[in-house]
Amino acid sequence: MRWSSYAEADGTVRAAVWEGDHLHPAPAGTALVDLLGDDGTRLRAAADDALTGPAVDPATVTLLAPVPRPPSVRDFMAFEEHVVTASAAIGLTVDPLWYRQPVFYFTNPAALRGPHEPVAISPGSAAFDYELEVAAVIGREGADLSPEEALDHVAGYLVFCDWSARDLQGEEMKLNLGPAKGKDSASSCGPWMLTPDELPAAAAMTASVNGKPYSAGRLDALHWSFGEMIAYASRGTRVVPGDLIGSGTVGTGCILELSRVHGADAFPWLRPGDRVRLEVDGLGAVDAPIIEGAAVRPLRKDLA
């Protein structure tokens, strides 16, 4: 099953299941997260009911993030090729700790964008980047899960893009609290959530900028599985329906990595007017224009 959320012309938000190229909405007032919380029975029943009703042409509505406001977004760094290549490009080796445990950071649920929504460059950034990822959507609550148990808590998967201001990120991470404003302005996902039974294990992952191929990888190149990532995320706490668990960047899946290997002239940072397309087999594509960001407003006069 493929499930999306969309906004009608009057702003009404609906959850809907796909049949071919059309959407069949759930009853008004039903959000996708409302259909989660069990082993998938509720989602299947809602799909059966929705498919008996009228279809909606997706061209007449605005696709949103499938879970427009997730309770939390944890983004991991689970593809070894990306970690090794990006580290080597700046003369570093991978910390052995990365092979002993997965690592993630929390990003901003309020900054989630739909698959075609414009993405503004972070204020003050001159090194704006995309990250080609897949995210799992948590379907039911769990705590201190094993990797095997964790997979039973996944409702589906979707394309995820962690937009990154690399210059801001590099500066603020010197203070040892991780990325904040470097990754705070936007994340994009969608166009739908695909249930686990339909996800190709070796799904191809590609990215292009202005139609030029940039990134190419495969989902089965993960070093840390989604079961392991979710189990780690649930350790000592809980994951809840609607939480997003990002895979991190696939190998070659961002300009930071590509430019350090092949040169900035071949892979320049994103600029207003660029269009980025991130596609994963079975999961569809995020296809978003890049626009000018807001000007920086100084915090103090002496810091202007």
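Residues numbered from 1 in each chain as written. Predicted model: local features only at pLDDT ≥ 70, side-chain atom pairs only at ≥ 80, totals over all residues. Heavy atoms only, no water.

Identification of the protein as Fumarylacetoacetate hydrolase family protein from Pseudonocardia abyssalis is taken from an unreviewed UniProt entry.

S.K.: An account of the packing of helix 2 (residues 80–89) against helix 6 (residues 255–262) is needed here, citing residue identities and associated values.
M.R.: At a minimum axis distance of 9 Å, the contact between helix 2 and helix 6 shows a crossing angle of 45°. Classified by the interaxial angle, the pair formed by helix 2 and helix 6 is oblique. The two elements helix 2 and helix 6 cross, and the hand of that crossing is left-handed. Contacts between helix 2 and helix 6 pair E81, H82, T85, A86 and A89 from the former with E257, R260 and V261 from the latter. Its residues assigned to classes, the contact of helix 2 with helix 6 shows three nonpolar, two polar and three charged. (Axes fitted to C-alpha atoms, helices over the stretch in contact; angles between N-to-C directions. Helix = DSSP H or I, 4+ residues; strand = E, 2+ residues; numbered from the N terminus. Parallel < 35°, antiparallel > 145°, perpendicular 65-115°, else oblique. Left-handed = near helix turned anticlockwise from the far one by under 90°. Contact = heavy atoms within 4.5 Å. Nonpolar A, V, L, I, M, F, W, Y, C, P; charged D, E, K, R; others polar.)

S.K.: Account for the packing of aromatic side chains, with residues named and values stated.
M.R.: Scanning the model with the defined rule gives nine aromatic pairs in all. On the numbers, 5.4 Å between centres and 70° between planes, the contact of W18 with W192 is edge-to-face. Of this pair, W18 sits in strand 2 (residues 13–19) while W192 is found in strand 14 (residues 187–194), placing the two residues 174 residues apart along the sequence. Here W18 matches W192 in class, with each residue buried. Judged by centre distance (5.0 Å) and plane angle (90°), the rings of W98 and Y99 are edge-to-face. Pairwise contacts between aromatic rings join F76, F104, F106 and Y232 into one cluster. (Phe/Tyr/Trp six-rings, centres within 6.5 Å; stacked < 30°, edge-to-face > 60°. Buried < 20%, exposed > 50% of the residue type's maximum accessible area, 1.4 Å probe, protein only.)

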